Amino acid sequence: MTEATDKALNHVEAANHRMAETHGLMDRLEKAVTRLESLFSDSHRSGGMECDGINGVNGSIAPYVEAFDRLLNGSVAEFLRYSKILEGDVKTHAEMVRAAFQAQRSFLVLASQCQEPQENEVAMLLKPISEKIQEIQNFRERNRGSKMFNHLSAVSESIPALGWIAVSPKPGPYVKEMNDAATFYTNRVLKDYKNSDTRHVDWVKSYLNIWSELQAYIKEHHTTGLTWSKTGPVASPMSMRSVLTSGSCLSPPPPPPPLPGPPPILDTETAKDEGTASRSALFAQLNQGEAITKGLRHVSDDQKTHKNPSLRAQGPPVRSPTKSHTPSPTSPKNSPQQSHAPVLELEGKKWRVEYQEDKNDLVINNTELKQVAYIFKCNKSTLQIKGKINSITIDNCKKFGLVFDNVVGILEVINSRDIQIQVMGKVPTISINKTEGCHIYLSEESLDCEIVSAKSSEMNILIPHDGREFLIPSLAHRFIAEMVDFFILFFIKATIILSIMHLSGIKDISKFAMHYIIEEIDEDTSMEDLQKMMIVALIYRLLVCFYEIICIWGAGGATPGKFLLGLRVVTCETSVLIAPSRVLVIPSSNVSMTTSTVRALIKNFSIASFFPAFITLLFFQHNRTAYDIVAGTIVVRRNGVR
């Protein structure tokens, strides 16, 4: 009985002890909660004070944000008003522009409140603006058939100017460059409506005024780049979301994390047993000796990249199937360049000429007035369009030649390089945009056409002149003609030297012939003989020059070798490829004595410097040599004149 009473008392005491511990834990928990509440209230009050003062000015926003608001309420609002008058796609597009400017305004508010973050975080903060810009450009692409396509293109080409906030140290010129891109399409709008509908003229003026005022705004407030706040927290996506939702101030920082709980009670005996077991297993594996390599997988020679080059071409090394590999989301994937099949077909009312390479015999026949031609990514090719067609567009082409009869609407050249165009009939308008190197030869009927260009360089407009069309001789014909002239001159040289030997009574004919005809030098050649050989070589070069000057100038532009091969030399200031192996040469007149002398001297005395200028025809257009380009001549087929 006494033992039972003692046990009961012990249980009661233990229960009381546990109750006391529980009360102690409750007290500690209440103190921790009270401290957390006080910390949260302090941080909330400090966040409210930050909201009230921005850049040290209580209750106001940064001056450059106010200036941007004036731009929004001024030129941007005026543009929206004129866009609503035009309605349709223009109105929808203008609303997208307004949203893009609002997104930029939010970014400026963020910059006025926060310090500049890291460069990679800036790109994340700019994402809302870039999405708005992409939306505006995609709208233009989806509405290519719109009657207001020029309006949409003007906005789409220039809206990237909103990216000035990421440009330093000169964001102002970047905006001007984007404004120039819009000018190409706004000029077309003015051309179409300046005498018929002044609403479109007002729309153009209001839109261009936006970028003019934006340049002035940048020059005043952000001359060398966007101005960030020197105080406040560092900008982050969370603070950007706060600006987008509140529109004014940043949200208070989140409360601190809760205090850590008591450490877990460890079973020291169990942990000790587990540690001993793991160490035993480790030493057992190390003591296996040679058997430790049994778990390795054998790699044969056909799986080794250093012995099998084909594996390196396929991609990264093959990984073991026993290990999983997750590619990094930030690692770029090298997608192979796609090769497209060449296209030349009529699709509905549209002729598609795409991905043509080194094709100089492309021809489109049987065209109709309602058909259009779209030429895309054609390189080193020539296309001839016969008949009358509505419009022609050349897009993303290089070293491309076009010959066409008549165009009713417009000829457009966009994003191209080294383009040559021959107009055989009539074309009312030619548009050149973002093109480097465009040569256009106009016919007499197309002299009144209107040519509009923007952001292009190296443009030449050729008008009818005293020019003619010739066939370009092949390299084989040129080489054979030079060889014929060489043997003729060598025979003349040998005849003159042998005649001198006969008159001088020289007995050692072989030695004299080797020195002065073949110009061979051996170890027995004296300095006196070498000087005589140089004098003979100089006289021979002058004789060759005289031979070519007389033939090219006085014999119809052809040496005996060129005459036998049906070739001749004519003057050439400009040459335009109008068909495969056929060029239009301007002025194509007979070669003067001065031109013939310059050509002959450069050609023959370049050999004395161990550089035969004849081989330069491999590097220039229409098989012209360096001395042809300097003298302003070209070698053509005599029977190819038209």
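Residues numbered from 1 in each chain as written. Predicted model: local features only at pLDDT ≥ 70, side-chain atom pairs only at ≥ 80, totals over all residues. Heavy atoms only, no water.

(A) How the structure looks around the UniProt feature "transmembrane region" (unreviewed entry) in the protein chain. Under the local residue numbering, the UniProt record ascribes the feature "transmembrane region" (unreviewed entry) to residues 486-506, 535-555 and 600-620. For the annotated span residues 535-555, helix accounts for 95% and strand for 0% of the residues, and the straight-line distance between the end C-alpha atoms is 29 Å. (UniProt positions renumbered as here; feature names shortened; annotations may be inferred. Helix = DSSP H or I, 4+ residues; strand = E, 2+ residues; numbered from the N terminus.)

(B) Main features of the packing of helix α7 (residues 171-193) against helix α8 (residues 198-221). Running from amino to carboxyl end, α7 crosses α8 at an angle of 175°, the nearest separation of the two axes being 10 Å. With respect to their mutual orientation, α7 and α8 come out roughly antiparallel. Each of Pro171, Gly172, Val175, Lys176, Asn179, Ala182, Thr186, Val189, Leu190 and Tyr193 in α7 lies in contact with α8, whose residues at this interface are Thr198, His200, Val201, Val204, Tyr207, Leu208, Trp211, Leu214, Gln215 and Ile218. Split by residue class, the contact of α7 with α8 holds 13 nonpolar, six polar and one charged. (Axes fitted to C-alpha atoms, helices over the stretch in contact; angles between N-to-C directions. Parallel < 35°, antiparallel > 145°, perpendicular 65-115°, else oblique. Contact = heavy atoms within 4.5 Å. Nonpolar A, V, L, I, M, F, W, Y, C, P; charged D, E, K, R; others polar.)

(C) View of the pairing of strand β8 (residues 391-395). For β8, the tally of buried residues reaches five of five residues, placing the bulk of the element in the interior. A two-sided burial pattern is seen for β8, the buried positions comprising Ser391, Thr393 and Asp395 on one face and Ile392 and Ile394 on the other. Pairing analysis gives five bridges linking strand β6 (residues 372-376) to β8, with the strands arranged parallel. Counterpart to Ile375 in the pairing with β8 is Ile394. In the sheet, β8 pairs with strand β10 (residues 410-414) via four bridges, with the strands oriented parallel. By the bridge assignment for β10, Ile392 is matched with Leu411. (Buried < 20%, exposed > 50% of the residue type's maximum accessible area, 1.4 Å probe, protein only. Pairing = 2+ DSSP bridges.)

(D) Seen up close, the packing of aromatic side chains. Within the structure shown, the criterion is met by 14 aromatic pairs. With centroids separated by 5.8 Å and ring planes inclined at 90°, the aromatic side chains of Tyr207 and Trp211 adopt a geometry described as edge-to-face. Residue Tyr207 and its partner Trp211 are located together in helix α8, separated by four residues, close to a single helical turn. Residue classification places Tyr207 among the buried positions, given a relative accessible area of 0%. Judged by its relative accessible area of 0%, Trp211 falls in the buried class. Taking the centre distance of 6.2 Å and the plane angle of 25° together, the rings of Phe486 and Phe490 count as stacked. With a gap of four residues between them, Phe486 and Phe490 both fall in helix α12 (residues 475-504), about one helical turn apart. (Phe/Tyr/Trp six-rings, centres within 6.5 Å; stacked < 30°, edge-to-face > 60°.)

(E) Structural detail: the nonpolar core. The biggest cluster of nonpolar side chains holds 56 residues, and the ones touching the most others in it are Phe101, Phe107, Leu108, Trp164, Trp211, Leu214 and Tyr217. Counting residues per element, the ones that place at least two in this core are α2 (63-86), α3 (88-113), α4 (119-125), α5 (127-142), α6 (149-158), α7 and α8. Ignoring anything within four residues of it in the chain, the contact list for Trp164 reads Gln104, Leu108, Pro171, Tyr174, Val175, Leu214, Tyr217, Ile218, His222 and Leu226. With 29 residues, the next largest nonpolar core counts Leu383, Phe404, Ile419 and Val423 among its residues. (Core = buried A, V, L, I, M, F, W, Y, C linked by side-chain atoms within 4.5 Å.)

(F) Here's a closer look at α8. If you check α8, its first and last C-alpha atoms are 35 Å apart, about what 24 residues at 1.5 Å a residue would give, namely 34 Å. At its buried positions, α8 is contacted by α2, α3, α6 and α7. (Expected span 1.5 Å × (residues − 1).)

(G) How the structure looks around the pattern of salt bridges. Counting across every chain of the model gives 20 salt bridges. Here Arg140 makes a salt bridge to Glu141, at a shortest N to O gap of 3.0 Å. We classify Glu141 as partly exposed; its relative accessible area is 39%. Between Lys562 and Glu482 there is a salt bridge whose closest N-O contact spans 3.4 Å. Here the residue Lys562 occupies a position in helix α15 (residues 560-564), and Glu482 occupies one in helix α12, the gap between them amounting to 80 residues. Glu482 carries the same exposure label as Lys562, and that label is buried. Sharing partners across several salt bridges, the network here consists of Arg140, Glu141, Arg144, Glu157 and Lys434. (Salt bridge = Lys/Arg side-chain N within 4 Å of Asp/Glu carboxyl O.)

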